[in-house]
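What follows is each chain in one-letter form.
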Amino acid sequence: MTPAPYDLAIIGGGAAGALVAMHCLARDPGMRIAIVEPRAALARGVAYSTTRDEHLLNVTADRMGWHADLQGDFVAWLQAVDGEGAADVGHDFMPRRRFGDYLAARLADAAASGSVVHVHEHAVACEDAGRTVLLASGERLHARACVLATGNASRPLPWPVPAEVAARVCEAWDLAAIAAIPPDARVAIVGTGLSMVDIVLALRGQQHRGAITALSRHALLPLPHEPTHMALDVDIDALAMLPLRARMRRLRALAAEAMAGGLPWQGVMQALRPYGVRLWQSLSPADQARFLRHVVRGWDVHRHRIAPQVVDMLDAMRADGQLRVDAARLAAITADGGQVVLHAAAHGAGAARCWQVDHVVNATGIQSRFPVAGDALQASLLAAGLARPGPFGLGVDVDGDGALRDRHGTAGAHLFAIGSLRIGAEWESIAVPDLRLQAARIAARLRPAARSS
Ligand SMILES: Cc1cc2nc3c(=O)[nH]c(=O)nc-3n(C[C@H](O)[C@H](O)[C@H](O)COP(=O)(O)OP(=O)(O)OC[C@H]3O[C@@H](n4cnc5c(N)ncnc54)[C@H](O)[C@@H]3O)c2cc1C
């Protein structure tokens, strides 16, 4: 006999999957939910699986609650666990592992009725308009609706790695491989964004003594948050009317005005934060394409800021010579006597260069193109016509609630996406403040349909 279908199947049990389950259970505690997630623990995913205290959140604790109306809930949980000493941590950047603990605890509370089942499996296909999930084991799981919460896939290095040095090249999120790097090794990190920062923090935490070189085309590092987190007064309606070039000019002028008045430029970015989706969607497709081509790198370092103490630490490591940040257009990796050699082609006035190191870490970021090469689930969605690529091929095409648009552009009632799969449609679609809003809308939309009697 086929078992009764679940009310909801969630594919991916990281922060986004956990948030969907929590929002659904808040509306309907009796809902029967299956979360398909190969990791041992739910609610952690890539970002919150780290066990290192030096890996900090890049959002302050007072804005990391699981629900938009309960933004202080993470701080309340910290106080309950740590005692009153945690009262002042609202503006602190807490260790990410603590946020994973918090989400896991809140998910367990929400699921106390036993209505959430963790299926320790990998989903490889969706069938029947999203109501059947095919698992890697060959089993099928039936549900009235399905949410894709599959998160971030790391982008592979774009060059072949010679077999003799393959063991010396690892991924930024492979914490065990980073922990195994010997303390005197010369390390090159490809990428200078948030993942690079994580690796440098981890190496420093394990008393690394060897030289670290971070390389990227523009050598732009994430900029710091400022301590007040004040949002300045920005006329969002007026901004959203402007085309890209005029909009960027206006933002630069606002930042300059703020600084001339003794206020932090970060206050301008802080003011835009709740309107990220609207600002993206109010650009014409041509301006969105221009943004992706010309603006995104500079935008990202201003938008995805990090804790000021982390910036101070990076500056100190650069000042004492342990950390170098070089601009380079890398073109190849070769091996030389067991060492790894990174090659940059000559570019403009710059001559060809190379860096000979003991270990290389790939921190080039996340893959957003749909379908990601080698992802069986995404390939199946595309082949079955249940999904089509989002704008510019980024993520999937969705309606305003996250329902997938099929190959004809029609949004269905059974299959939804949350998180980075919505990046082309919404742009701001990765951080917890965005995920909890998406989760709330999916839960509201599912309520009438996805409930077995
Ligand atoms: C290093 C790092 C630090 C970050 N720091 C912050 C921060 O401080 N604040 C903030 O707001 N945001 C932060 N972010 C953004 C972050 O992306 C989100 O906060 C959140 O973790 C995203 O969760 P997710 O569940 O969408 O993705 P993921 O964490 O990638 O989780 C997706 C899960 O889906 C599972 N999965 C994938 N495919 C399948 C499949 N086919 N079948 C079954 N399971 C599958 C994976 O195993 C994984 O556990 C950070 C991101 C990273 C990478």
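Up top is the structure.
Residues numbered from 1 in each chain as written. Predicted model: local features only at pLDDT ≥ 70, side-chain atom pairs only at ≥ 80, totals over all residues. Heavy atoms only, no water.

*Asks:* Mind laying out the environment of Ile418, listing which residues take part and the relevant values?
*Replies:* Along the polypeptide, Ile418 turns up in the loop between strand 19 (411–417) and helix 13 (423–426). On the basis of relative accessibility, which here comes to 0%, the residue Ile418 falls in the buried class. It is 34 Å that separates the C-alpha atoms of Ile418 and Ala253, two residues lying 165 residues apart in sequence. Excluding anything up to four places from it in sequence, Ile418 contacts Ala16, Val20, Val147, Leu148, Ala149, Leu435, Gln438, Ala439 and Ile442. (Helix = DSSP H or I, 4+ residues; strand = E, 2+ residues; numbered from the N terminus. Buried < 20%, exposed > 50% of the residue type's maximum accessible area, 1.4 Å probe, protein only. Contact = heavy atoms within 4.5 Å.)

*Asks:* Tell me what's going on with the side chain of Asp358, and back it up with residues and numbers.
*Replies:* When you line up the elements, Asp358 lands in the loop between strand 15 (353–357) and strand 16 (359–362). A distance of 2.7 Å separates a polar atom in the side chain of Asp358 from the backbone nitrogen of Arg186. Apart from the residues within four sequence positions on either side, Asp358 is in contact with Arg168, Asp184, Ala185, Arg186, Gln339 and Val340. (Polar contact = N/O pair within 3.5 Å; in protein donor to acceptor, adjacent residues only side chain to side chain.)

*Asks:* Tell me about the site of the ligand, and please be specific about residues and values.
*Replies:* Residues in contact with the ligand amount to 33 residues; listed here are only the nearest, Glu37, Val46, Tyr48, Asn58 and Val432. Side-chain polar atom of His122 to a nitrogen atom of the ligand: 3.4 Å apart, as the coordinates give it. Here Val432 contributes a backbone N or O atom positioned 2.8 Å from an oxygen atom of the ligand. Considered on its own, the ligand offers 980 Å² of accessible surface; in the complex 91% of this is hidden by protein. Residue assignment for the shell around the ligand shows that the elements contributing at least two residues are helix 1 (15–27) and helix 14 (432–449). (Near = heavy atom within 4 Å. Areas by Shrake-Rupley, 256 points an atom, 1.4 Å probe, with all protein chains shown as cover.)

*Asks:* Can you break down the sheet that holds strand 10 (residues 187–190) residue by residue, with the values?
*Replies:* The strands making up a sheet associate through hydrogen bonds between their backbones, and the pairing can be parallel or antiparallel. One open sheet holds the 5 strands; their spatial order is 9-16-10-11-12, and the pairing between them is parallel. Strands at the two margins of the open sheet, each flanked by one partner only, are strand 9 (169–171) and strand 12 (323–327). Taken over all neighbouring pairs, the strand axes of this sheet differ in orientation by 20 degrees on average, direction set aside. Helix 5 (residues 194–205) rests against strand 10, strand 11 (212–216), strand 12 and strand 16 of the sheet, and its axis sits at about 155 degrees to strand 10. (Pairing = 2+ DSSP bridges. Axes fitted to C-alpha atoms, helices over the stretch in contact; angles between N-to-C directions.)

*Asks:* Explain the packing of helix 7 (residues 244–260) against helix 10 (residues 285–303) to me, and be specific about the residues and the numbers.
*Replies:* Remark: helix 7 packs on helix 10, axes separated minimally by 10 Å, with the N-to-C direction vectors making an angle of 30 degrees. As the angle between them shows, helix 7 and helix 10 are arranged roughly parallel. Residue-level inspection shows Leu244, Met248 and Leu251 of helix 7 in contact with helix 10, the latter providing Asp287, Arg290, Phe291, Val295 and Trp299. Looking at the contact of helix 7 with helix 10, its residues break down into 6 nonpolar, no polar and 2 charged. (Parallel < 35°, antiparallel > 145°, perpendicular 65-115°, else oblique. Nonpolar A, V, L, I, M, F, W, Y, C, P; charged D, E, K, R; others polar.)

*Asks:* So what's going on with the sheet that holds strand 2 (residues 33–36)? Which residues, and what values?
*Replies:* Here 6 strands make up an open sheet; going across it, the order is 3-2-1-7-19-18 and the pairing mixed. Each end of this open sheet is capped by a strand with a single partner; those strands are strand 3 (116–119) and strand 18 (403–405). Direction aside, the axes of adjacent strands within the sheet are offset by 35 degrees on average. One ladder, built from 3 bridges, connects strand 7 (residues 146–148) with strand 19; its direction is parallel. Residue pairing across strands places Cys146 opposite Leu415, the latter belonging to strand 19. Together, strand 1 (8–11), strand 2, strand 3 and strand 7 form the strand contacts of helix 1, whose direction differs from that of strand 1 by roughly 160 degrees.

Don't take any of this as a statement about function, it's just geometry.
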